[in-house]
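Chain and residue survey
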Amino acid sequence: MNFTVGFKPLLGDAHSMDNLEKQLICPICLEMFSKPVVILPCQHNLCRKCANDVFQASNPLWQSRGSTTVSSGGRFRCPSCRHEVVLDRHGVYGLQRNLLVENIIDIYKQESSRPLHSKAEQHLMCEEHEDEKINIYCLSCEVPTCSLCKVFGAHKDCEVAPLPTIYKRQKTELSDGIAMLVAGNDRVQAVITQMEEVCQTIEDNSRRQKQLLNQRFEALCSVLEERKGELLQALAKEQEEKLQRVRGLIRQYGDHLEASSKLVESAIQSMEEPQMALYLQQAKELINKVGTMSKVELAGRPEPGYESMEQFTVSVEHVAEMLRTIDFQPGASREEEDEEVALDGEEGSAGPEEERPDRPEGTVPK
């Protein structure tokens, strides 16, 4: 369905009022700010009720204001810039009110109540019937159209509905989708934070194991230096493999969060479209994208205990000569030692035990 746009004269006052109204929209409820208006540390504004809803969603165990238990506060992220807002024990009631914005809202409402003869009027006109406005929505073809198209035109056999009804319905769907997407973004951000802590724990545990390994090897003779390097290399390899896996998950969650945030911005911009028909041209695709994005399943997080590095603990409670056989696998067999001792006895020479009476029993001779 093609249609053209018919414009009436657009005066400066009406245009200024429309621009002002856009600046007074709450990013949570998508309605004009309701008193009281609170200002966040990042200088963005929210309705107190909306701020409290976001805060309660991010801190489900936080005690309400009327509770007798004293809470230690909480935190949430600004929906506009993702800046973390840290609150005291008063919760959102400890945020400062933005009296300037409240006064501007009062003035705007007073001005809006006056008759605006000069307010801009803009209507989409039917291309087939140039004098007819687009005022209905074809449910069969999923396009806006005019009444004559339903009576005489291409949509006479289609099911139609009033344009405002479909406008409100799809706007509600998109608003709900945005809310779900924002909530999902908060959960993704929480998972990323947890995995960053896992990375830090892996690094801390690995560092602690390296220190322990170094302390024990430093007490041994110089023959252990080469073996120490091999064990450190194995530990570092395990650390790198674990860090690469977790960081890969962080990048995956971060890419999803970035794409989701961009989609939220696009959806919010579409919500600001004042013309119903223009909005409906792109609303269906946008709603599908939001629904698809909100259902995307990300790869699972590392299993519990994944960050542990305890398997690299080395026991050094041995005789110094026996430490030459330290390995992650069994050492040399006893049969080779017995054969060497027998050969030395047949030749009449002193055996290893005679030459080295102080050598610990059970060690492999040089």
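Values in this document were obtained by computation on a predicted structure and should not be read as measured data.

There is a patch of like negative charges on the surface, built from Glu127, Glu128, Glu130 and Asp131. Mapped onto the elements of the fold, Glu127 is located in the loop between strand 6 (122–126) and strand 7 (136–138).

So, on to the pattern of salt bridges. Per the counting criterion, the structure on display carries 10 salt bridges. The closest approach of N and O atoms between Asp186 and Arg82, which form a salt bridge, is 2.7 Å. Here the residue Asp186 occupies a position in helix 5 (residues 163–218), and Arg82 occupies one in the loop between strand 4 (74–77) and strand 5 (84–87), the gap between them amounting to 104 residues. Of the residues examined, Asp186 reaches a relative accessible area of 26% and is grouped as partly exposed.

This paragraph deals with the confidence of the model for the protein. The share of residues in the protein with pLDDT of 70 or more is 73%, and the mean pLDDT across the chain is 75. Here residues 65–71 is a poorly scored stretch, pLDDT under 50, and it has 6 contacts once near neighbours within four places are set aside; other chains count. In this model, residues 327–337 is a region of pLDDT below 50 whose contacts with residues beyond four sequence positions or in other chains number 9 contacts.

Let us look at the sheet that holds strand 8 (residues 143–145). Reading across the sheet, the 3 strands line up as 8-7-9 and stay open at both edges, with antiparallel pairing between neighbours. Whereas interior strands pair on both sides, the edge strands pair on one side only; in this sheet they are strand 8 and strand 9 (160–162). Strand-to-strand twist in this sheet, taken as the mean axis angle between neighbours without regard to direction, amounts to 35 degrees. Across 3 bridges, strand 7 lies against strand 8 in antiparallel orientation. Residue Cys138 lies in a different strand from strand 8, and its bridge partner there is Val143.

What follows deals with the pairing of strand 4. Only one face of strand 4 is buried, namely the one carrying Gly74 and Phe76, since none of Arg75 and Arg77 on the opposite face is buried. For strand 4 and strand 5, the ladder comprises 4 bridges, and the chain directions are antiparallel. Residue pairing across strands places Gly74 opposite Leu87, the latter belonging to strand 5.

Attention shifts here to helix 2 (residues 48–58). Since there are 3.6 residues in each turn of an α-helix, residues three or four apart along the chain are aligned in direction. Of the positions making up helix 2, those classed as buried are Arg48, Cys50, Ala51, Val54 and Phe55. Buried residues of helix 2, viewed axially, fall in a sector of 165 degrees; they line one side. Those residues of helix 2 that are exposed and angled more than 90 degrees off the buried face are Lys49 and Ala57. Where helix 2 is buried, its residues meet strand 2 (37–39), strand 3 (45–47), strand 4 and strand 5.

Before going further, it helps to spend a moment on the pairing of strand 5. What you see with strand 5 is a clean split: Val85 and Leu87 sit on the buried side and Glu84 and Val86 on the side with no burial. Adjacent in sequence and paired antiparallel, strand 4 and strand 5 are bridged by 6 residues, among which Arg82 carries a positive phi angle near 65 degrees.

A word on the nonpolar core. Counting residues in each nonpolar core, the largest one holds 23 residues, and the members touching the most others are Leu24, Phe33, Leu40, Leu46, Phe76, Leu87 and Ile105. Listed by contribution, the elements that provide at least two residues to this core are strand 2, strand 3, helix 2, strand 5 and helix 3 (99–112). If one sorts the elements of this core by residue count, helix 2 sits on top with 4 residues. Not counting residues up to four positions away in its chain, the partners in contact with Leu24 are Glu31, Met32, Phe33, Val101, Ile104, Ile105 and Tyr108. Core analysis: the second largest hydrophobic core is formed by 20 residues, Tyr137, Ile166, Tyr167 and Ile287 among them.

Rules behind the numbers
- Residues numbered from 1 in each chain as written.
- Predicted model: local features only at pLDDT ≥ 70, side-chain atom pairs only at ≥ 80, totals over all residues.
- Heavy atoms only, no water.
- Patch = residues over 30% accessible without salt bridge, like charges linked within 9 Å, V, L, I, M, F, W, Y side chains within 5 Å.
- Areas by Shrake-Rupley, 256 points an atom, 1.4 Å probe, with all protein chains shown as cover.
- Salt bridge = Lys/Arg side-chain N within 4 Å of Asp/Glu carboxyl O.
- Lys, Arg positive; Asp, Glu negative; His and termini not counted.
- Charge placed at Lys NZ, Arg CZ, Asp CG, Glu CD.
- Helix = DSSP H or I, 4+ residues; strand = E, 2+ residues; numbered from the N terminus.
- Buried < 20%, exposed > 50% of the residue type's maximum accessible area, 1.4 Å probe, protein only.
- pLDDT = per-residue confidence, 0-100.
- Contact = heavy atoms within 4.5 Å.
- Pairing = 2+ DSSP bridges.
- Axes fitted to C-alpha atoms, helices over the stretch in contact; angles between N-to-C directions.
- Arc of directions from axis to C-beta.
- Core = buried A, V, L, I, M, F, W, Y, C linked by side-chain atoms within 4.5 Å.

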